[in-house]
Protein chains: 2
Amino acid sequence: MIILDYKDTRPIYEQVVEKFKLLILKGVIQKDEQMPSVRSLAVELSINPNTIQKAYAELERQGYIYTVKGRGNFISDSKNLLDERKEELKNRMVLLYKEGKELGMTKADFIGRLQEMEE
Amino acid sequence: MIILDYKDTRPIYEQVVEKFKLLILKGVIQKDEQMPSVRSLAVELSINPNTIQKAYAELERQGYIYTVKGRGNFISDSKNLLDERKEELKNRMVLLYKEGKELGMTKADFIGRLQEMEE
DNA sequence: TATACTGTACTATCACAACTAATACACATA
DNA sequence: TATGTGTATTAGTTGTGATAGTACAGTATA
C-alpha cells in the first residue's frame, strides 16, 4: 500500500504519516475504511510496530483517522481536511512570494513561471 | 546584527546561515565587508563558538563568504547567488503547485491567491 | 470459553545529530 | 611580542528516532 524511501532523510514515521495523508485526501482510501493494523503494517514495511504506532497517533491527532480499541484504526471524513490542506498550500506559496519580494522579485516572476508550465 | 528564534525547531547554525544569506543577498552587508568574528558573534548570541564556526563553514561552502586565515571572514560577490536564489524560490513554488495538483488544485487557484494580494 | 486478533503502555537500549566545553595550534598584524 | 583572527580535536550532554521485548485491555468469533 505504501513504500518507504530510505534515501529520504526525514523520520520514517513522518513518511508514513505523509503517505497516508495523501491517500486519504485523494480518496484512495475512503471514509470508515480500515487502516492496516499496527502489527501487519510493521511486518509489511519491515519496521518496528512502535514506529507505526507513532505515525497512527499523529494521524489521529491531525484528524485523519480514528481509533476503536480492540478493533483497529479507521479513516475519518476528509471533506474539511482537503479544504484545509488546499488553504495551507496557498499560504505556503504566499510565504515563498514574500521571501522573493525581499530579494526584489515580483508577483509576475512567480505567475510567469506557473503559466509557462503545461497544465 | 541578527536575532535567533528559540521557538524555531531548526538547528541554530541553520538559522545563522539563513539570516546571513538574506543579509548578503539583500545587500545589507556588501562585497568584501568583514563578518563578525567567530568568537565575538558567539558572545553576542550567547552560543558556542563552534556553532558559529559550523555556520560560517556552511556559508563558505555555499559561496556566500570567503575566509582569510588569521584575518577573518569576508563577504563574497553575490551577483550570481541572487539569481540562483530567485530560481530556487520559483522551483519551490512549482513543487508546491505539483503537490496541490494531486489534490485537484489548478494553476488558477495559486495565481488567484497571488493576484488578490496588494503588491 | 478459548483463541486470536486489535490497540496501548512501558521500559530499556542503541545510534545519531546538535550543541556545549575546553584546549591547542597556526596565521596576521599592529 | 601581544592580541585577535580561523581551525582542529576531543569529550560530554541532551534530545530524537528507532528497535526490542513485554504486558495488558478490548473485540470478535469459532
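Residues numbered from 1 in each chain as written. Chains lettered and ligands numbered in written order. Predicted model: local features only at pLDDT ≥ 70, side-chain atom pairs only at ≥ 80, totals over all residues. Heavy atoms only, no water.

**Quick look at the side chain of asparagine 73 of chain A**
Rules: Helix and strand assignments come from DSSP, with helices taken as H or I runs of at least 4 residues and strands as E runs of at least 2, each series counted from the N terminus. Only heavy atoms enter the contact rule, under which two residues are in contact if any of them lie within 4.5 Å.
Tracing the chain through its elements places asparagine 73 of chain A in strand β2 (residues 72–75). The contacts of asparagine 73 of chain A, once residues within four sequence positions are left out, are Glu33, Gln34, Met35, Tyr56, Ile65, Tyr66 and Thr67 of chain A.

**Description of the protein's contact with DNA strand D**
Going by this rule: A single heavy atom is enough: if one lies within 4 Å of a molecule or strand, its residue is considered near that molecule or strand. Under the rule applied, a polar contact is a pair of N or O atoms within 3.5 Å (in protein, one hydrogen donor and one hydrogen acceptor; residues adjacent in sequence only if both atoms are side-chain atoms). The nonpolar class holds Ala, Val, Leu, Ile, Met, Phe, Trp, Tyr, Cys and Pro. Asp, Glu, Lys and Arg form the charged class, and all remaining residues, Gly among them, are polar.
Taken together, 23 residues lie near DNA strand D, and Ile12, Asn50 and Thr51 of chain A together with Arg39 and Thr67 of chain B sit nearest. Taking the atoms of DNA strand D that fall within 4 Å of the protein, sugar and phosphate contribute 63% of them. Within the backbone of glycine 70 of chain B, a nitrogen or oxygen atom sits 3.1 Å from a base nitrogen of DNA strand D. Among the elements of the structure, α1 (12–25) and α3 (49–61) of chain A together with α2 (38–45), α3 (49–61) and β2 (72–75) of chain B are those that each provide at least two residues to the surface near DNA strand D. Of all the elements, α3 of chain A adds the most residues to the surface near DNA strand D, at 3 residues. A class-by-class count of the residues in the surface near DNA strand D yields 5 nonpolar, 11 polar and 7 charged.

**Structural notes on the domain arrangement of chain A**
Condition: Residue ranges for the domains trace back to a domain assignment, done automatically or taken from a database.
Domain parsing of chain A yields domain 1 (12–77) and domain 2 (80–118). Taken over C-alpha atoms, the centre of domain 1 of chain A sits 30 Å from the centre of domain 2 of chain A.

**Re helix α5 (residues 107–115) of chain B**
Residues and elements named next belong to chain B. Condition: Three exposure classes are used, based on accessible area relative to the maximum for each residue type with a 1.4 Å probe and protein chains only: buried under 20%, partly exposed in between, and exposed over 50%. To obtain the arc, one takes the directions from the helix axis to the C-beta atoms.
For α5, the full list of buried residues reads Lys107, Phe110, Ile111, Arg113 and Leu114. Angularly, the buried residues of α5 cover 160° about the axis, an arc narrow enough to put them on a single face. Opposite the buried face of α5, by more than 90 degrees, sit the exposed residues Ala108 and Gln115.

**A look at the pattern of salt bridges**
Here is the rule we go by: Salt bridges are defined as contacts in which a side-chain nitrogen from Lys or Arg sits within 4 Å of a carboxyl oxygen from Asp or Glu.
Scanning all chains against the criterion turns up 22 salt bridges over all chains. Notably, a salt bridge pairs glutamate 116 of chain A with arginine 113 of chain A, separated by 3.4 Å at the nearest N-O pair. Assessed through its relative accessible area of 61%, glutamate 116 of chain A is described here as exposed. On the accessibility criterion, arginine 113 of chain A (14% relative accessible area) is buried. With its nearest N and O atoms 3.5 Å apart, the salt bridge here joins glutamate 88 of chain B to arginine 92 of chain B. Residue glutamate 88 of chain B and its partner arginine 92 of chain B are located together in helix α4 (residues 79–102), separated by 4 residues, close to a single helical turn.

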